[in-house]
Amino acid sequence: MREKIRTWRVSATVAALVLTMPMVFTPTAARAQTTNMVITWAVHSQTAAYEVARQAPYINGRTFAMVQGAVYDAANAVSGTPYKPYLISPPSHRGDSLDAAVATAAYRVLLSLFPQQAATLGAQYEQSLAPIRDGRSKRGGIAVGEAAAAAMIAARENDGATRQASWTVGTEPGQWRPTPWAFAQDGAQVADIKPFVIPRGDLFGTAGPPALNSAAFARDLNEVKALGSVGSTVRTQDQTEAAIWWHDRRQTEWEIKRQLAQTQRLSPLQTARMFAMTDVTRADSTIACFNQKRTWSFWRPVTAVQLADTDGNPATTADPAWMPLLITPPFPDYTSGHSCSTATIMTALRQFFGRDDIPFSAYSTDSGTTRHFDSFSQALAEVVEARIWGGVHFRTADVQGTRLGEQVARYVLAREFGRNR
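Here the structure is a predicted model, which means the values were calculated and not measured. (Residues numbered from 1 in each chain as written. Predicted model: local features only at pLDDT ≥ 70, side-chain atom pairs only at ≥ 80, totals over all residues. Heavy atoms only, no water.)

**Student:** Help me out: how do you make sense of helix H4 (residues 57-78) in this one?
**Tutor:** Between its terminal C-alpha atoms H4 stretches 31 Å, which fits the 32 Å expected from 22 residues at 1.5 Å a residue. Burial within H4 is extensive, with 20 of its 22 residues counted as buried. Gly80 occupies a position one or two residues after H4 and carries a positive phi of about 95°. (Helix = DSSP H or I, 4+ residues; strand = E, 2+ residues; numbered from the N terminus. Expected span 1.5 Å × (residues − 1). Buried < 20%, exposed > 50% of the residue type's maximum accessible area, 1.4 Å probe, protein only.)

In C-alpha cells:
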C-alpha cells in the first residue's frame, strides 16, 4: 500500500483500500510533543473528519472552518480580543485558561458534527483538560469555549450542507457525465452551502472553459492526453510522484500548516488565527468553485480524450482506451477545486506571514514521498501542473481555479481576522 503507484489500475486498488480499511493516523505533529492546544485539536479534528468519518476534501472544508472559526474566537477572547472576532467575543476575564477555551470550542463543535464519536472525543477532551488546575481560570476558559462553539453551531444550522443534490448529466460534446471506473457523482450540494464570509456562492465568476473548436481547447486536451495518461512516456517520475502527492485525500496542507506553526514558533493565538484564516477562506472558495462547476458542467479529460472525435476540433484525435494516472473525482472539471482551494490557502498563508519565501514540506502516504517547497507561490504553481500530470484537469480549469481561489481569499481576508481597531 505504501509502494509508489505507477499505473492507474494500481492507483485505483490503493484508493479502494484507503476508503475501506480502518486506519490509524500518526502525523508528525501528533508524534511530536507540543503544548499548543490549537495544534492538538487540529489533529483531533482531522482524525474525526477524515480518518473516522471519511469526509471528502470538498465536504470537510465546512468541518474545519467551523472548528477553527470557533477556536479562533475562543483564543482571541481570552487573549483580550486583539483581533476582530469572526462571530463572537465571549465575555472573559484576565487569567482565563486559553487551553481550556480552545479545547472546549473544538470539542463542542466536533461533538455537534460527529455525535457518534462522542466516546472518543470525550476522552480526548478530558485528556486536554486534565493538566489544567481546577479553579476560576479553568472554569472561565471552558465558558468562553462553550460560548464560541455555541455561536458557530447556531450560525451553521440549516446552512444547506446536508441537502440532497445531483449534477446535471449531459450527453453532448463538452457536457459532463460520470467517469470510469466508478461512474459516480458526488458533492453537488456544496455549491449551495451558505458561505462563511462571501455573500453568496456565485459572487465570483469565470469566463468559462474554451470553446471545443478552439485552438485553446486543443492545446488543453493534447497536453493532458500526453502528460496525464496512465501510461505516459513523457511524464517524469518526479511529476508522477507530485501528481499522486497532491491527490492524497489526507490533504498534505494539514501537515503544512501544523509544521509552519511549529517552525515559525507561533503562539496558540497566532496558530488559531492562521488556521482560521486558511480554513474559513478555503471553505468559501470551495463553495465558489463548485458553483462554477455547476454553471459550466464541463467534461473531464478522460471523457474528452475518449470522445475527441465528437468535439468538432480537427486538432484533436480520439483515443477510446485512454485513462488518466489518477482516479477522476466524481464531479465536473471546470474549475479545478484543488487549484482553487490551494490558491486560497497559500494566499492566506502569505498574508498571515507577510512574505512568500517561507520553506515547508509534507509527507504523503499515497506517494510515499516528502515534497519540499521554498515558498507558497512555488507550491501553488506545482499544484496547477500536478492536476494535469494526474490526468484529471485541463490547464484552463487549473488556471481559472487559481484565480478564483485568490479572489475569494482577498475578499475574505479584507473583511475578517484583522486587527481589532
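Moving on, there is more to tell.
**Student:** Explain the packing of helix H5 (residues 98-113) against helix H6 (residues 118-129) here, please?
**Tutor:** Helix packing geometry: the angle between the two helix axes and the distance between the axes. Between H5 and H6, the least distance of the axes is 10 Å, while the angle of their chain directions is 175°. It follows from the interaxial angle that H5 and H6 lie roughly antiparallel. Taking contact as the criterion, the partners of Ala100, Ala103, Thr104, Tyr107, Leu110 and Leu111 in H5 are, on H6, Ala118, Leu121, Gly122, Tyr125, Ser128 and Leu129. Residue composition of the contact of H5 with H6, by class: 9 nonpolar, 3 polar and no charged. (Axes fitted to C-alpha atoms, helices over the stretch in contact; angles between N-to-C directions. Parallel < 35°, antiparallel > 145°, perpendicular 65-115°, else oblique. Contact = heavy atoms within 4.5 Å. Nonpolar A, V, L, I, M, F, W, Y, C, P; charged D, E, K, R; others polar.)

**Student:** Hey, could you run me through helix H3 (residues 37-52) in this one?
**Tutor:** Since the α-helix advances by 3.6 residues per turn, residues separated by three or four positions end up pointing in the same direction. Taking 1.5 Å per residue as the helical rise, H3 with its 16 residues ought to reach 22 Å, and the 21 Å between its terminal C-alpha atoms agrees with that figure. Counting buried residues along H3, 13 of its 16 residues qualify, which places the element largely inside the surrounding structure. Of the residues that open H3, the one with a side-chain oxygen 3.0 Å from the backbone nitrogen of Val38 is Asn36. Remark: Arg54 follows H3 within two positions and exhibits a positive phi of approximately 60°. (Polar contact = N/O pair within 3.5 Å; in protein donor to acceptor, adjacent residues only side chain to side chain.)

**Student:** What am I meant to see in the nonpolar core here?
**Tutor:** Among soluble globular proteins, nonpolar side chains are generally buried collectively. Counting residues in each nonpolar core, the largest one holds 122 residues, and the members touching the most others are Trp41, Phe196, Leu260, Met274, Phe353 and Phe417. Setting aside residues up to four positions removed in sequence, Phe353 forms contacts with Leu260, Gln264, Leu266, Met274, Ile358 and Phe376. (Core = buried A, V, L, I, M, F, W, Y, C linked by side-chain atoms within 4.5 Å.)

**Student:** Help me understand the environment of Val392, please; the structure alone is not making it clear to me.
**Tutor:** Residue placement: Val392 occurs in the loop between helix H14 (376-389) and helix H15 (395-413). For Val392, a relative accessible area of 0% puts it in the buried group. What Val392 contacts, discounting residues up to four positions off in sequence, is Arg300, Pro301, Leu326, Ile327, Thr328, Pro329, Asp333 and Arg387.

**Student:** Would you mind going over the pairing of strand E1 (residues 360-364) with me for this structure?
**Tutor:** On a regular strand, each side chain points to the face opposite its neighbour's, so the side chains alternate between the two faces of the sheet. Most of E1 is tucked away, with 4 of its 5 residues classed as buried. Direction of pairing for E1 relative to strand E2 (residues 369-373): antiparallel, over a ladder of 5 bridges. Bridging across to E2, Ala362 finds its partner in Arg371. Following E1, the chain reverses through 4 residues before pairing antiparallel with E2; Gly368 in that reversal takes a positive phi of roughly 70°. (Pairing = 2+ DSSP bridges.)

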